[in-house]
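Structural description and commentary
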Amino acid sequence: MGRGAPAETEADDAFSPVRGVVTCLGPHPSANFRRHLRERCLALAGHRGSEEQVRFSCAPYRVCPLGAHIDHQGGTVAGFALNMGICIAYIPSPKDDRGEIKLAATRDGEGEPSTFEMHVTDDPEPSDDWTAFVRGVVHVVRGWASEKGVRCDAGFTGVISGFPAGLEGGGISSSAALTVALIHAFRDANNLTSFIRREDVVRLAQRVEHEWRGVRCGILDQGCVVMSKPGALTVLDCAEYQRRFAKADDPTTSTSRGTGATLRWSGSDDTDEETSAQNPLRWFGGDWTPSRHGPSRIDPNVDESGREVSKDFWDDGPDAGSDLPFAVVLAFSGIRKPLTRTGYNDRVDECQRAARLLLDASGRGVPRDVTPLLHMVTREEWTAARDAMEMTSAEILPANLARRARHFFEENQRVANGVRAWRDGDVASFGALVNASSVENYECGCEQITALWKIAKNAAGVFGARFSGAGFRGCVMALCEPGRAAMDAAESIAGEYARLYPDLAADAPVIVTRPGRGAFILRNEDQ
């Protein structure tokens, strides 16, 4: 998005006269946005379908206030979806060309779309663009269906668009949103909704990133995109998720011992081992939402342990989450590049090396054919190793690996404290923890994003700010007071960043938005 006239999106109920400041506060996706996509979808299909046949697969972008960079090590993470994201308008393929997939997409919402066609039975070839996600989704979903003995040979015709346009690679998990939206559309076209559960979607989307993009991510992005409920803090115990989906004979199922599995928050007597095993992707303590008037409220559709007690658990209507005592400000840096071209995978390697050395130092070691992860190290083992290194100069870990381990354990604790503050409705304390959730020990980021983070956290009305995404590029997210205060903060951030980096600021919007719902499909009867 370049600088110019003030941008008012179709979902706006406010806009700013400051260049580059946009709001996304109204219902998403809006009626105008859906109408535009529907028309493009019908045109792509050669008008072989009707308006009533067009469906929408919507997957939100996400932020992670606490718990970044520890999901791939089995840590506990906290985040929520945003009121913006990827939408695919699609029509399931007719019987005469059942297996055909035809898609069109534009990167910035303008210009000629990029189109892609394939048959679901094709042997997909690797690619280095957005079509890799399509190929990967078809491959992993069909593989999953084959293992289950389920038919999966139907395609669809669709148009992909992000809202707002042009945020790909911006640090808000656009790749996870695209992957999940594709899985939902492919699942729906093949009538597999009752077979592929939300947890399955998370796992399949993660596999696409691993196997087709070469990004060794955890489940933070996919989990928040799929599982989020408006206004709720989505807390994912990544270690329990890994054990849940481990094979029965996998040694990590019985030998892993770590903070991700044993953390107990204040007032969380319901989080025993039995509950975790039943629901690893859980709402910690239920749908706890800060209230303007004091203690948190808990959604009546969720019991005290976070178990879903209503099929409408995620469907609270388009305005759910709009009355929260905070707004979300996203300040983009203008720096974008694929994670495979950053130090992301290097940091994963370093964390695993630290885990192996700590487990060896504890005397437990690492079982054969098991990937060492930091959640396998108990807090007591880490504390003993840290104290030995500080007091006796013992060389248990090289300095850089010690910093990676320190980040893991300190960030896990911040998540625990943050959940407690969230449940108490204490947004100010939660924001202070967000500010403390720096990447000093993880050592990612760059000059411009670090400067943007400092600008955001010092802006008036901001409770807390931190890097969003992997931290090597992208944006900074801030939680701030709602209403006019959020707009003031956004305008202040945009102006100061433009003063420091005018060239980057031309493609660095600042967006005021709010939490949204997890991925969903809209059919004609829902619109």
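Residues numbered from 1 in each chain as written. Predicted model: local features only at pLDDT ≥ 70, side-chain atom pairs only at ≥ 80, totals over all residues. Heavy atoms only, no water.

Time to look at the sheet that holds strand β13 (residues 510-513). Strand order in the open sheet formed by five strands is β1-β13-β10-β12-β11, and the pairing between neighbours is mixed. Of all the strands in the sheet, the pair left with one neighbour each is β1 (21-24) and β11 (462-467). Mean inter-strand twist for the sheet, computed between neighbouring axes without regard to direction, equals 20°. On the sheet, helix α14 (residues 447-457) packs against β10 (327-332), β11 and β12 (475-480) and is oriented at approximately 170° with respect to β11. (Pairing = 2+ DSSP bridges. Helix = DSSP H or I, 4+ residues; strand = E, 2+ residues; numbered from the N terminus. Axes fitted to C-alpha atoms, helices over the stretch in contact; angles between N-to-C directions. Contact = heavy atoms within 4.5 Å.)

Moving on to the nonpolar core. Ranked by size, the top nonpolar core spans 154 residues in total, and within it I172, L182 and L330 carry the most contacts. Ranked by the residues each element gives to this core, the list is headed by strand β3 (residues 76-92), at eleven residues. The residues touching L330, leaving out its near neighbours within four places in the chain, are V63, L82, M84, I172, V476, M477, P509, V510, I511 and T513. (Core = buried A, V, L, I, M, F, W, Y, C linked by side-chain atoms within 4.5 Å. Buried < 20%, exposed > 50% of the residue type's maximum accessible area, 1.4 Å probe, protein only.)

A few words on the pairing of strand β7 (residues 234-237). Side-chain alternation along β7 places T234 and L236 on one buried face and V235 and D237 on a second face that is also buried. For β3 and β7, the ladder comprises four bridges, and the chain directions are antiparallel. When the sheet's bridge partners are listed, T76 is paired in β7 with D237.

For the structure shown, the criterion picks out 18 salt bridges. For D153, the salt bridge goes to R151, with nearest N and O atoms at 2.9 Å. Here D488 ties to R484 by a salt bridge, and the two come within 2.9 Å at their closest N and O atoms. Of this pair, D488 and R484 are both found in helix α15 (residues 484-500), four residues apart, which corresponds to roughly one turn of the helix. (Salt bridge = Lys/Arg side-chain N within 4 Å of Asp/Glu carboxyl O.)

Of the residues in the chain, 77% have a pLDDT of 70 or more, and the chain-wide mean is 79. Within the chain, helix α8 (residues 259-262) has the poorest average pLDDT of any element, 27, and β13 the best, 96. Across residues 1-16, where pLDDT falls below 50, the model places 44 contacts with residues more than four positions away in sequence or in other chains. In this model, residues 245-315 is a region of pLDDT below 50 whose contacts with residues beyond four sequence positions or in other chains number 178 contacts. (pLDDT = per-residue confidence, 0-100.)

A word on the packing of helix α2 (residues 131-148) against helix α3 (residues 174-189). Remark: α2 packs on α3, axes separated minimally by 10 Å, with the N-to-C direction vectors making an angle of 50°. Considering their axes alone, α2 and α3 lie oblique with respect to each other. When you trace α2 past α3, the crossing you get is right-handed. Mapping the contact onto sequence places F133, V134, V137, V138, V141 and R142 in α2 and S175, L178, T179, L182, I183 and F186 in α3. (Parallel < 35°, antiparallel > 145°, perpendicular 65-115°, else oblique. Left-handed = near helix turned anticlockwise from the far one by under 90°.)

Moving on to empty space enclosed by the protein. Tallied over the entire structure, the rule returns three cavities of 30 Å³ or more. The computed volume of the second largest cavity comes to approximately 40 Å³. I101, V134, V137, V138, F156, L182 and F186 are the residues that line the second largest cavity. Contributing elements (two or more residues each) for the lining of the second largest cavity: α2 and α3. Looking at the lining of the second largest cavity, its residues break down into seven nonpolar, no polar and no charged. (1 Å grid on protein atoms, 1.4 Å probe; cavity = no way out; pocket = protein on both sides within 12 Å on 5 of 7 lines; lining within 4 Å. Points joined across faces, edges and corners; volume = space filled by probe spheres on them. Nonpolar A, V, L, I, M, F, W, Y, C, P; charged D, E, K, R; others polar.)

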